[in-house]
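Breakdown of the fold
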There are 2 protein chains.
Amino acid sequence: MGAQQAEESRQSHGDGEVNHSMAGSEQLYIGLDVGRTIRGALVRADGSILRQHRVVSEVSNARIFIDQLIDVIKALRADTEEVTAAGIGWAGLVNQREQRIEVNPNLVDVSSYDLHAELERATGFTVVIDNDANAAAYGEWRSGAARGFNDVFYVTLGTGIGSGLILGGQLQRGSRGFAGEFGHFKISDDGLECGCGGTGCLETMASGPNIVRRVREQLFSDPSFSLSKLARDMEGILTAERVERAAIEKDDLALSVLKETGRILGNAVASVINLLNVEVVVLGGGVMAAGDLILEPIREAAQRATLSPALECCRIVPAELGQDAGIIGAALLARDMRI
Amino acid sequence: MGAQQAEESRQSHGDGEVNHSMAGSEQLYIGLDVGRTIRGALVRADGSILRQHRVVSEVSNARIFIDQLIDVIKALRADTEEVTAAGIGWAGLVNQREQRIEVNPNLVDVSSYDLHAELERATGFTVVIDNDANAAAYGEWRSGAARGFNDVFYVTLGTGIGSGLILGGQLQRGSRGFAGEFGHFKISDDGLECGCGGTGCLETMASGPNIVRRVREQLFSDPSFSLSKLARDMEGILTAERVERAAIEKDDLALSVLKETGRILGNAVASVINLLNVEVVVLGGGVMAAGDLILEPIREAAQRATLSPALECCRIVPAELGQDAGIIGAALLARDMRI
């Protein structure tokens, strides 16, 4: 994206107001963000959202789940003639070149279906499937905090830690589409066991559930913190959001855990800047709801651990599109695949 | 590079024999690898070396140093008419887009000269300057162990630890040419101070001098090892090469330090594979002279710490071009810049 195009995107994205009268004259795209929830949106070519639709994902039956995806696409399309393409960000490893879901740990197993062919046949649209973090990275790049940059590292901090990379103005998916597993950066030698089978992965310390785990462990060891009243029966009560709220209200424990989390993340981010010399690191996902309480410790640690020439030409910024990054990015992937 | 082209490159590179009679009919390129020594070669379009030249780099005077570079290029050209371009791999941070050396810690300061313009003017050649690890990565990609791959992580393990990245069939230099600083991957929280000002960098454990340091520290603590007789007056005597030779001769200390070094490197390599989903990791540089004694521990650690889908499509192999990777790569950069 050239500078002029980036500027146009910036101007038009800020519209906010939904202007249905525009719909008759412009090309529209559908974007889906598929995880435990299927979130979908009808998106203008400039990345702004015209309307949204969401359903809770079916977890036991692949056929019903696929029909849900088809229904969401059809519901978003409604009677709009200008839609011919849909993009899907999928919470799993996607071989984007072959449009095949390769590893699908969080959703119902769809491996007995050719999902891509099913969706194209049922909707009549051109469909592109990509990894959800790639879609979100693409959204922030084309229409969010990374507009106008060529070398971008996008990180999403949530239940897991994912990332997307734009280098030399190209979304980099790796040889089979598996790039971006920043959550499985090895940050310590004698670290905790990770769900992936390894030990000491970044995710074992800095994901939402592991922030909660670390708070909980300290709560049991020191009952004087204000969060301690939640210590009993904490399953489902002590959440990352609640830790963040406590930190905003200046709870010492919540603040110290977020600060330490930021330090750990910042060190790993520095390794990536040293390796890739990106211009901008964009931090998104639910954990970033803590704002500066997590962002500043990330920046401080990254600044200490990044080589100065690479540091001088790199900024570390919060994402702009929030939860919509994935649906907007998926729609814009559909837009750009068709050029 | 397509598979067929890769195969042709493989066949022609193996020639070995210098056939001067070919020189009259083909385009040739000059490659320079510039560090404490200036190594230069006249290289065929297929990556094979026709002749070499080397001098020790002038360390105190920039003008003399630049004249050395010009003299090496002219000496290699001799009376060969078919040379019109030279590539230079430089031991420092190079802004390749602007052909400017930005950070130059190991060589005499040339910042008061426009090196690129000087070299083009004095030689009449088209000159391209790049980072030395990028040049070596390019050499291994175009004419060595990574022939035919699109997604390559090349690591050079020597006095420092550098790397070069090819992703999606493109050499990735980062936004200002500073990509590839794998030596400054942060591998531990409470690690040693690094020359870069940070702590816990990969280089503080796994570079040649730090392998020597770790052996020396253990020697002083246990005089029963066979290397112990070198413990006194070890400056300049106990080298990484000697540690490797001792390991090959089954010295327990040398073996254990190399094994631990391999484990540390393998963990960092795994993080990169998880992030970038490369098809091949190529390991070069002087430390790799230890062969399987370092390669196997790297592979073992990387296999344990890499996500299985990314691991299944990635191999970890030794470099093929040895010390010539940089000069061959620099020459081939000159070849490909001119297309």
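Note on numbering: residues in each chain are counted from 1, in written sequence order. Just so you know, chain letters begin at A and ligand numbers begin at 1, following the order they were written in. Local features in this predicted model are restricted to residues whose pLDDT is 70 or higher, and side-chain atom pairs enter the listing and the counts only when it is 80 or higher, whereas totals over whole chains, interfaces and linings include all residues. Computation of side-chain values covers all heavy atoms of the structure but excludes hydrogens and water.

Description of the overall build of chain A
Secondary structure is summarised from DSSP: a helix means a run of H or I of at least four residues, a strand means a run of E of at least two, and numbering begins at the N terminus for each. Scanning chain A for helices and strands turns up 11 helices and 12 strands. Two residues form a contact once any of their heavy atoms are found within 4.5 Å. Residue pairs in contact within chain A that sit at least 24 positions apart in sequence constitute 66% of those at least 6 positions apart. Method for areas: the Shrake-Rupley scheme with a 1.4 Å probe, in which residue coverage is limited to the protein chains shown. For chain A, the computed accessible surface area is about 13900 Å², with 47% contributed by carbon and sulfur atoms.

Points about the sheet that holds strand β8 (residues 152-157) of chain B
Residue and element names in this part refer to chain B. Taken in spatial order, the five strands of this open sheet run β10-β9-β8-β11-β12, and their pairing is mixed. In this open sheet, the two edge strands, each paired with only one partner strand, are β10 (170-172) and β12 (315-318). Neighbouring strand axes in the sheet, compared pairwise and without regard to direction, differ in orientation by 20 degrees on average. Any two strands with at least two DSSP-identified bridges between them are counted as paired. Both β8 and strand β9 (residues 161-167) contribute to a ladder of six bridges, which runs antiparallel. Across the sheet, Tyr154 pairs through a bridge with Gly164, a residue of β9. Taken strand by strand, helix α4 (residues 132-143) contacts β8, β9, β10 and β11 (280-284), and its axis lies near 50 degrees from that of β9. Between N-to-C directions, angles span 0 to 180 degrees; the directions come from axes that are lines fitted to C-alpha atoms, helices contributing only their stretch in contact.

Some remarks on helix α7 (residues 240-248) of chain B
Residues and elements named next belong to chain B. Think of it in three bands: residues with accessible area under 20% of the maximum for their type are buried, residues over 50% are exposed, and the middle band is partly exposed, with areas taken using a 1.4 Å probe on protein chains only. Residues of α7 that are buried include every one of Ala240, Val243, Glu244, Ala246 and Ala247, and no others. One face of α7 carries all of its buried residues, which in axial projection span an arc of 160 degrees. Summarising the contacts, the buried residues of α7 are in contact with α6 (208-221), α8 (252-276) and α9 (292-305). For this quantity, the arc is that covered by the directions from the helix axis to the C-beta atoms.

Thoughts on the relation of the copies chain A and chain B
Superposing the copies works by least squares over the C-alpha atoms of residues that have pLDDT at least 70 in both of them. Overlaying chain A with chain B gives an RMSD of 0.0 Å, the required rotation being 180 degrees about an axis along which the chain moves by 0.0 Å. Between the two chains, the operation in question is that of a two-fold axis. Here 100% of the interface residues in chain A have copies in chain B that are interface residues too; the copies meet face to matching face.

Looking at the sheet that holds strand β4 (residues 83-90) of chain B
All names here are of chain B. One open sheet accounts for five strands, arranged β3-β2-β1-β4-β7; its pairing is mixed. Where the open sheet ends on each side, the last strands, each with one partner, are β3 (49-56) and β7 (126-131). Neighbour to neighbour, the strand axes of the sheet diverge by 15 degrees on average, direction disregarded. Sheet topology note: the strand β1 (residues 28-34)/β4 ladder contains six bridges and is parallel. Counterpart to Ile30 in the pairing with β4 is Ala86. Packed on one face of the sheet, helix α3 (residues 115-123) meets β4 and β7 and runs near 145 degrees to β7. Packing of helix α11 (residues 325-337) onto the sheet brings it into contact with β1, β2 (37-44), β3, β4 and β7, and relative to β1 it is tilted by some 130 degrees.

With respect to the pattern of salt bridges
Each salt bridge in this description consists of a side-chain nitrogen of Lys or Arg and a carboxyl oxygen of Asp or Glu lying within 4 Å of one another. If you walk through the whole model with that rule in mind, you get 32 salt bridges over all chains. With a closest N to O distance of 2.8 Å, A:Arg63 and A:Asp67 form a salt bridge. Separated by four residues within a single helix, A:Arg63 and A:Asp67 lie in helix α2 (residues 62-77), roughly one turn from each other. On the basis of relative accessibility, which here comes to 31%, the residue A:Asp67 falls in the partly exposed class. Across the pair B:Asp324 and B:Arg39 runs a salt bridge, and its minimum N-O distance is 3.1 Å. Separated by 285 residues along the polypeptide, B:Asp324 in the loop between β12 and α11 and B:Arg39 in strand β2 bring together distant segments of the chain. The class for B:Asp324 is partly exposed, based on a relative accessible area of 21%.

Describing the domain arrangement of chain A
Residues and elements named next belong to chain A. For each domain, the first and last residues come from an automatic or database assignment. Here chain A is partitioned into domain 1 (3-139 + 324-337) and domain 2 (146-319). Each side of the interface is counted separately: domain 1 has 18 residues, and domain 2 has 16 residues. Each partner contributes to the roughly 1400 Å² buried at the junction of domain 1 and domain 2, and carbon and sulfur atoms together form 55% of this total. Two parts lose some accessible area (1.4 Å probe) when they are put together, and adding that loss for both gives the buried area. Counting the surface domain 1 buries against domain 2, the share from its top three residues, Leu93, Asn134 and Ala137, is 32%. The interface formed by domain 1 and domain 2 holds two salt bridges in total. Whenever a nitrogen or oxygen atom comes within 3.5 Å of another N or O atom, the pair is scored as a polar contact, on the condition that within protein one atom can donate a hydrogen and the other can accept it, and that pairs from neighbouring residues in sequence are kept only if both atoms are in side chains. At the junction of domain 1 with domain 2, the criterion picks out three residue pairs in polar contact (both at pLDDT 80 or more). Of all the secondary structure elements, the ones that give two or more residues to the side of domain 1 that touches domain 2 are α1 (3-13), β5 (93-95), α4 (132-143) and α11 (325-337). When residues in the side of domain 1 that touches domain 2 are grouped by element, the largest group, five residues, is from α4.

Notes on the packing of aromatic side chains
Two rings belonging to Phe, Tyr or Trp (six-membered ring only in the last case) form a pair when the distance between their centres is within 6.5 Å. Interplanar angles under 30 degrees mark stacking, angles over 60 mark edge-to-face geometry, and anything in between is tilted. Evaluation of the coordinates by the stated rule reveals nine aromatic pairs over all chains. Measuring from centroid to centroid gives 5.3 Å for A:Phe185 and B:Phe185, while their planes differ by 40 degrees, and the two rings are tilted. Here the residue A:Phe185 occupies a position in the loop between β10 (170-172) and α5 (203-206), and B:Phe185 occupies one in the loop between β10 and α5 (203-206), the pair thus bridging two chains. The burial state of A:Phe185 is the same as that of B:Phe185; both residues are buried.

Observations regarding unusual backbone geometry
Most peptide bonds take the trans form, and the phi angle of most residues other than glycine is negative. In this model, A:Gln99 sits at a positive phi of 55 degrees, which is unusual for a non-glycine residue. Looking at where A:Gln99 falls in the secondary structure, it is placed in the loop between β5 and β6 (100-103).

Examining the environment of B:Arg245
Of note, B:Arg245 is situated in helix α7. We classify B:Arg245 as partly exposed; its relative accessible area is 47%.

Description of the pairing of strand β7 (residues 126-131) of chain A
Residue and element names in this part refer to chain A. Within β7, five of the six residues are buried, which leaves the element mostly enclosed by the surrounding structure. Sheet analysis places strand β4 (residues 83-90) next to β7, joined by six bridges and oriented parallel. Residue pairing in the sheet places Gly89 in a bridge with Asp130 of β7.

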